[in-house]
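Topology and contacts: notes
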Amino acid sequence: MALRGVKVVEFAGLAPGPFAGLILADNGATVIRVDRPGAVSVDALCRGKRSIAINPKIASGREALKKIIASSDVLIDPFRPGVLERLGLGPEVFLGKDGKGGLNERLIYGRMAGFPRTGRQKDMAGHDINYLASSGVLSMLPGSEDRPTFPLNLLADFGGGGLTCASGILLALLARHQTGRGQVVNTDMVQGVRYLSSFPLMLKQVPTASTFAGKRGSNLLDGGAPFYNIYPCKDGECMSVGCIEPQFFRTFIEGFVKALPNDFRRRYGWDPTPETQNKHEEWPRLRDYMEKGFRTRSRDEWAQVFHDRESFPVVPAPHPHVVGSSPVQRDTSPSVSLLAAGEHTDEILLEFGVSKAQKEQLLQDKAIEDAVTKAKL
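All of the points below concern the structure found in this document.

Procedures and definitions
Residues numbered from 1 in each chain as written. Predicted model: local features only at pLDDT ≥ 70, side-chain atom pairs only at ≥ 80, totals over all residues. Heavy atoms only, no water. Helix = DSSP H or I, 4+ residues; strand = E, 2+ residues; numbered from the N terminus. Buried < 20%, exposed > 50% of the residue type's maximum accessible area, 1.4 Å probe, protein only. Contact = heavy atoms within 4.5 Å. Areas by Shrake-Rupley, 256 points an atom, 1.4 Å probe, with all protein chains shown as cover. Lys, Arg positive; Asp, Glu negative; His and termini not counted. Charge placed at Lys NZ, Arg CZ, Asp CG, Glu CD. Arc of directions from axis to C-beta. Core = buried A, V, L, I, M, F, W, Y, C linked by side-chain atoms within 4.5 Å. Pairing = 2+ DSSP bridges. Axes fitted to C-alpha atoms, helices over the stretch in contact; angles between N-to-C directions. Disulfide = S-S within 2.5 Å.

**Structural notes on the overall build of the chain**
Along the backbone of the chain there are 15 helices and ten strands. For the chain, with 377 residues in total, the buried portion stands at 40%. Taking the intrachain contacts of the chain between residues at least 6 apart in sequence as the baseline, contacts between residues at least 24 apart amount to 64%. With an accessible surface of roughly 21,000 Å², the chain has 54% of that area assigned to carbon and sulfur atoms. On the chain, the mean spot of the 47 positive side-chain charges and the mean spot of the 42 negative ones are 3 Å from each other.

Written out as structure tokens, the structure is:
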């Protein structure tokens, strides 16, 4: 696998940080998640990772973490700007500054923030919906006339955040082959989601483009076109329709009309044709026809009309798959196993050369938890 042998330290966080670590783990990296002692993890993005529970606010815990990071290739920092610096684990400690060497000048220091790290917003907290709004992308998403909708927390957290950070880390690893040095990879979710949304944001600035020129809900890709939308079926489930190209619309509309009950077509008194797609004045009528038509069958019945329904494992598989690489072993059971905080503390300390005396000091300082005591809790 491409990242076999790459050692990653991921400070525990929510959503984007764990997703960046998951991408690296799924491609062969050894990922250690750093949890707080006593923490209860709800992170489901823990496939292929191990956990060490250690307190960096305690001197002995901080020194142990420095030792681990000094022997690693990548660090994932999901905190607000300045948190790791205040803990004495900022990038300068490892990469050096002003000609002074650091503990690990080959380290890729991946940083993830919500807002850009410059300007008034750098100290602000937020969530996906706030980053979408600040980026300008939220205003372009489908919704009602008075407000847009938001796609869970997928765009900013996972697309503009976790995926973008993982891409930056991979680029920095490639650069290290040329320079022999690591570097800081700065990612923020506002700028990340703007880059992810380059197509609609840039096209909106083109006066002659019509894809995003009108009001919300009137454009080609935001629900304005009846042939690019979602329709409820008889059983309450939904079908997506996306056939922008004329040849695809022809295939769809001919199959759709043919599959409708005869009494529906007789009552409606009108059938759309492939040419209806180009008649904008008939779009409201086409939309009404499709709304009512889809409600005559269940979702699975419509799926059989148009295509065989593909079955996916419950747990999403790593993607993309690089042909020729070793297959990724993954859990496809209906349940998702969580990684207990500190589950691998002892073996990780041993792996990175922490002596018995140093471990005793960590226990005495309460920088780590005793495995036996923890098991009884």
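**Examining helix H5 (residues 128–135)**
Within the sequence span of H5, burial applies to Asp128, Tyr131, Leu132 and Ser135. Projection of H5 onto a plane perpendicular to its axis shows the buried side chains occupying an angular sector of 100 degrees, all on one side. Its buried side turned inward, H5 meets helix H6 (154–179), helix H7 (189–196) and helix H8 (198–203).

**Structural notes on the nonpolar core**
Within soluble globular proteins, side chains that are nonpolar tend to cluster in buried spots. The biggest cluster of nonpolar side chains holds 32 residues, and the ones touching the most others in it are Val8, Leu24, Val74 and Ile169. When residues of this core are traced back to their parent elements, those giving at least two are helix H1 (16–26), strand S4 (74–77), strand S5 (108–113), H5, H6 and H7. The element best represented in this core is H6, accounting for six residues. Ranked by size, the runner-up nonpolar core spans 25 residues in total, among them Ile69, Leu75, Leu95 and Leu349.

**A look at the sheet that holds strand S1 (residues 7–11)**
Overall, parallel pairing links the six strands, which are arranged S3-S2-S1-S4-S5-S8 in an open sheet. A single partner strand is all that each edge strand has here, and the edge strands are strand S3 (49–53) and strand S8 (183–188). Strand-to-strand, the axes of this sheet are offset by a mean angle of 20 degrees, without reference to chain direction. Two elements, S1 and strand S2 (residues 30–35), share five bridges in a ladder whose sense is parallel. What sits directly across from Glu10, in S2, is Arg33. Along the sheet face, H1 touches S1, S2, S3, S4 and S5 and points at about 155 degrees away from the line of S4. Contacts from H6 reach S4, S5 and S8 within the one sheet, and its direction differs from that of S8 by about 160 degrees.

**Looking at the state of the cysteines**
The final tally for this structure, using the stated rule, is zero disulfides. Summary of cysteine pairing: Cys165 is not part of a disulfide, and the nearest cysteine sulfur, belonging to Cys46, is at 18 Å. Cys165 gets classed as buried once you look at its relative accessible area, which sits at 0%. Of all cysteine sulfurs in the structure, the one in Cys233 sits closest to Cys238, which takes part in no disulfide; the separation is 6.4 Å. Owing to a relative accessible area of 39%, Cys238 belongs among the partly exposed residues under this scheme.

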